[in-house]
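Now for the letters of each chain:
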Amino acid sequence: MQDSIEQLSNIVREAGRERRPLCIQGSGSKSFYGRVVQGATLDVTPYRGIVSYEPTELVLTARAGTPLAEIEAALASKRQMLPFEPPHFGAGATLGGCIAAGLSGPRRAYAGAVRDYVLGVRMIDGKGDDLRFGGQVMKNVAGYDVSRLMAGSLGTLGLLLEVSLKILPLPAEELTLRFEMAEREALETMNRWAAQPLSLSATCYHVGVLSVRLSGASAAIKSVRQKLGGEVLQDAERFWHSVREQQHEFFESAKNLWRLSLPSCAATINVPAIKVSSQQLIEWGGALRWLASDALPATIREAAAALGGHATLFRSTEPNDEPFHPLTPPLLVLHQRLKKTFDPHGIFNPGRMYKDL
Amino acid sequence: MKKHELIKQMLEILPAEAVLFEQEDLKPFECDGLSAYRQVPMIVALPETEQQVREILLLCRRENVAVVARGAGTGLSGGALPLSDGVLLSLSKFKRILSLDPLARIARVQPGVRNLAISEAAAPHGLYYAPDPSSQIACSIGGNVAENAGGVHCLKYGLTVHNVLKLRACTMDGELLEIGSEALDSSGYDLLALFTGSEGMLGVITEVTVKLLPKPELAQVVMAAFATVADAGNAVGEIIADGIIPAGLEMMDKLSIKAAEDFVHAGYPLAAEAILLCESDGTPEEVAEEIAKMQTILSRCGATSLRTSANEADRLRLWAGRKAAFPAVGRLSPDYYCMDGTIPRRELSHVLSRIDELSKEYGLRVANVFHAGDGNLHPLILYDANRPGELHRAEELGGKVFELCVEVGGTITGEHGVGIEKINQMCAQFKSGELQIFREVKLAFDPSGLLNPGKVIPTVHRCAEFGRMHVHHGQVPFPDIPRL
Ligand SMILES: Cc1cc2nc3c(=O)[nH]c(=O)nc-3n(C[C@H](O)[C@H](O)[C@H](O)COP(=O)(O)OP(=O)(O)OC[C@H]3O[C@@H](n4cnc5c(N)ncnc54)[C@H](O)[C@@H]3O)c2cc1C
């Protein structure tokens, strides 16, 4: 079992010596995300457990193999939460996978992303060295912010051992309101409301219905509710869970699932080839648009770029060589140099994000 | 390369008034907010377009001349300290707010725009830029990004890194980079996080796109006085344990209280050992609920008096003392040295009593101002540079405080950066493998190493030297560094 740093470090050293790629794996809940990696599977789930959790410090540190569910339960028992509401996509989802994938849930547009809550990491680099960056305090500008860099790097820069996160109290109360409206109006409304102090904590638009979650002190929720009107959604928790975990019926489509990350005010996607073949679900106040679509990747990427954002082929019906939006040449060079810095032998999840990375 | 040859080439890029090289013109640029370190640069360049920045960098790269970027020069760690044979690149002419979109809640600004100017421009739309360093009337947004600046409201609203969407920057190789986007994320690695807080060592920032937030309807502050620092520290923990994230949560100790009171007459209780300023913002209902809760907790934790702001003017008066704490303390002594450690909050009383002991040991007064909510400590060491040896003693005391912060699991710098000031302590906070990663990250962006060289990341040699001076428990620190 790979349950000590020394063992993990030895595995990495040996793989480095032999230039043998490793496919770092937690529970495998997000294995659909990104490119396929050829390499020996390195199971990191045995390296698990909450290292420290002090509610009054608003900081939790856990080993990367710790199930997210375990962390969330510990937090909930103290009325606290992971503010970025990460999707699990599987019962065994681990903290390490959550950080490496860098995916955030419905609260993201209002509370921040995974990377915003990363305070520090302990990791093994490609030389097998046990390194720490950041720490367990809220503010830390000593050296480059390597720990946030790990969020979303898909395990291509190192083997995460421990992660420290800032956590927040659970809101005293939540309430979800629903409104019927057309897409254009919904986009405008979500942006207009976000510019006012209305305690928004999630938004979702799908087939003519805008759902808006409010979080905060009960007095505030009451007054915002009066201001906005709308209809109260019962069992809202289940609804937001289904959006977060992609169990909502929208996600049952047999088409490719595209994730478009756009400026929140970006117009309705108006490319005929996309419109005729796609369904859409909008989150994050307009900044996240899911498309179930048969349109050609190039068409979707162009449309996203024209609107000032990018497109990811999130779940694809058949293996795809380029799930992530291509980088501009100067950024690609920087990515390659950073990869070389952290993983000189190219053994960590090679190609998971981009072909030559 | 000869100075006047470089000037000649510089003048092909910039108009004559934008290239400074006479001693008297260079003098104002000799230091930033850390005035103990001074160095006049060889040349100061004052470009006003991105293309000029790029051409200057390409010229310097070609001629192998080092470049230091400078915003408003309010930095407190010597990050913008010039080099005698280098070019100081001032961004002070980049003063335009390029666009502000109230519906999308973003502003695109040039790097030399002052922090406060963004909030002022956003105010008519009911919006503001949240990170509010005490230096916000003067410091530039480019400098804020370079330092990942924080402010009294960052416990609730985040640091610079949480409030920036996109950067344009030029590398030392003249490559123009677009990092981040107006969307909430971008493909690839999070270079935006890496760039934020990189202290002008990875590239010169030429444009910043920031998030704007809706201004809370109401803000109110409670000031609580305590008979001991420990009681005040405990109250901070209790407020947070109750599920409250105050908009601001600041602590001042007796010496800072007195200094601030003498300076701005905020109505602070002079007999208190510590005060807390606890702010709540939001809808009027929210604020009423939260203030009531905080009052209860503060009383329960032994507050000897409570005062809640009655109106906006009153609230600003209560904050005025805190915001002016540095200059106020500055009036107590010819010079002061501002520290910036962050510690786990539970260590507060221990750290403050240790600092008190060190203060006595070194015969120098220390005033403490503290972003209590997030554990960021600003001990201000008072000294007189004209008295022989005092600066040296102040620095030594400072070094001890840095090490104390690391010892209790904290960091040497929460928001002011490493710069030149804390470069030795980087050897105490990081192992050689970690420092080596920093060096290589630097080289990934700046292979020539000409951009702000000698800052932030100590050389192997420097750490070995530093280690020799600080032998702990009879052991040689950093045994893994080759000592040749
Ligand atoms: C009285 C006082 C109070 C302060 N309070 C706070 C506080 O509450 N919170 C806080 O965080 N800080 C505070 N500071 C510190 C300082 O104001 C901040 O670090 C600020 O962000 C520096 O901005 P600047 O424009 O003055 O940068 P400078 O001092 O000019 O430069 C700082 C660093 O940034 C680099 N840099 C500047 N511009 C660019 C650019 N365009 N591209 C690349 N690199 C660049 C420089 O090379 C240097 O390394 C305070 C300082 C003072 C004097």
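Residues numbered from 1 in each chain as written. Chains lettered and ligands numbered in written order. Predicted model: local features only at pLDDT ≥ 70, side-chain atom pairs only at ≥ 80, totals over all residues. Heavy atoms only, no water.

Enquirer: Which parts of the structure should I look at to understand the overall build of chain A?
Expert: Along its length, chain A carries 12 helices and 17 strands. Against the globule reference of 21 Å for 357 residues, chain A gives a C-alpha radius of gyration of 21 Å, in line with a compact fold. Each principal axis of the C-alpha atoms in chain A carries an extent, and together these give about 60 × 50 × 35 Å. Looking at chain A as a whole, 61% of its 357 residues are labelled buried. Entry remark: accessible area of chain A is about 13400 Å², with carbon and sulfur atoms responsible for 50%. Averaging the positions of the 39 positive and the 36 negative side-chain charges in chain A gives two centres separated by 4 Å. (Helix = DSSP H or I, 4+ residues; strand = E, 2+ residues; numbered from the N terminus. Rg over C-alpha atoms; globule rule 2.2 N^0.38 Å. Buried < 20%, exposed > 50% of the residue type's maximum accessible area, 1.4 Å probe, protein only. Areas by Shrake-Rupley, 256 points an atom, 1.4 Å probe, with all protein chains shown as cover. Lys, Arg positive; Asp, Glu negative; His and termini not counted. Charge placed at Lys NZ, Arg CZ, Asp CG, Glu CD.)

Enquirer: I keep staring at the site of the ligand and nothing clicks. Help me out?
Expert: All names here are of chain B. As a matter of local geometry, the ligand sits amid 33 residues, with Ala69, Gly71, Thr74, Ser135 and Ser140 nearest to it. A distance of 2.6 Å separates an oxygen atom of the ligand from a polar side-chain atom of Ser140. Here an oxygen atom of the ligand and a side-chain polar atom of Asn144 are 2.8 Å apart. The fraction of the free accessible surface of the ligand (970 Å²) that becomes covered by protein chains is 94%. Elements represented by at least two residues in the shell around the ligand include exactly strand S3 (67–70), helix H5 (141–147) and strand S10 (204–211). Its residues placed into classes, the shell around the ligand shows 13 nonpolar, 16 polar and 4 charged. (Near = heavy atom within 4 Å. Polar contact = N/O pair within 3.5 Å; in protein donor to acceptor, adjacent residues only side chain to side chain. Nonpolar A, V, L, I, M, F, W, Y, C, P; charged D, E, K, R; others polar.)

Enquirer: Where do I start with the confidence of the model for chain B in this structure?
Expert: Interpretation of this model should avoid reading the predicted coordinates in detail wherever pLDDT is low. Residues and elements named next belong to chain B. Taken over all residues, the pLDDT of chain B has a mean of 93, while the share at 70 or more is 96%. Note that pLDDT drops below 50 for residues 470–484; the model gives that stretch 21 contacts with residues more than four away or on any other chain. Interface confidence for the predicted complex, given as ipTM, is 0.97, next to a pTM of 0.96. (pLDDT = per-residue confidence, 0-100. Contact = heavy atoms within 4.5 Å.)

Enquirer: Hey, could you run me through the domain arrangement of chain A in this one?
Expert: Many structure descriptions define interface size as the accessible area lost when the parts assemble. All names here are of chain A. Domain parsing of chain A yields domain 1 (2–169 + 333–342) and domain 2 (172–254 + 256–316). Look at where the C-alpha atoms of domain 1 and domain 2 centre, and you get two points 27 Å apart. Carbon and sulfur atoms make up 58% of the area that domain 1 and domain 2 hide from each other, which totals about 1500 Å². Sorting the residues of domain 1 by area buried against domain 2 places Phe89, Pro106 and Tyr110 first, and these three jointly supply 42% of that buried surface. (Domains from an automatic or database assignment. Buried area = accessible area lost by both parts, 1.4 Å probe.)

Enquirer: Can you help me understand the domain arrangement of chain B in this one?
Expert: One can read the domain layout of chain B as domain 1 (3–90), domain 2 (97–214), domain 3 (218–328) and domain 4 (334–473). Summarising the inter-unit geometry, the C-alpha centres of domain 1 of chain B and domain 3 of chain B are found 43 Å apart.

Enquirer: What should I look at first to understand the packing of aromatic side chains in this one?
Expert: The relative placement of two aromatic rings is captured by the distance of their centres and the angle of their planes. Residues and elements named next belong to chain A. Following the criterion strictly, the structure yields 19 aromatic pairs over all chains and no others. Consider the rings of Trp290 and Phe314, whose centres lie 5.0 Å apart with planes at 80°: the pair is edge-to-face. Here Trp290 is found in strand S16 (residues 288–293), whereas its partner Phe314 is found in strand S17 (residues 310–315), with 24 residues between them in sequence. For the residue pair Trp290 and Phe314, the accessibility class agrees, reading buried in each case. These aromatic residues form a ring-pair network of at least three members: Phe32, Tyr33, Phe89, Phe250, Phe251, Trp290, Phe314, Phe324 and Tyr354. The cationic tip of Arg178 hangs over the ring face of Phe239; the distance from NZ or CZ to the ring centre is 4.7 Å. (Phe/Tyr/Trp six-rings, centres within 6.5 Å; stacked < 30°, edge-to-face > 60°. Lys NZ or Arg CZ within 6 Å of the ring centre and 35° of its normal.)

Enquirer: Even after reading the chapter, I still don't get the interface of chain A and chain B, so can you show me in this structure?
Expert: Counting residues at the interface gives 74 residues for chain A and 84 residues for chain B. Across the chain A/chain B interface, buried area totals approximately 6300 Å², and carbon plus sulfur atoms make up 61% of it. There are 6 salt bridges connecting chain A and chain B. The residue Lys227(A) makes a salt bridge to Glu217(B) at a minimum N-O spacing of 3.8 Å. At the surface where chain A touches chain B, the tally comes to 25 residue pairs in polar contact (both at pLDDT 80 or more). It is helix H12 (residues 329–342) of chain A that contributes the most residues to the side of chain A that touches chain B, 9 residues altogether. Tallied by class, the residues present in the side of chain A that touches chain B amount to 37 nonpolar, 18 polar and 19 charged. (Salt bridge = Lys/Arg side-chain N within 4 Å of Asp/Glu carboxyl O.)

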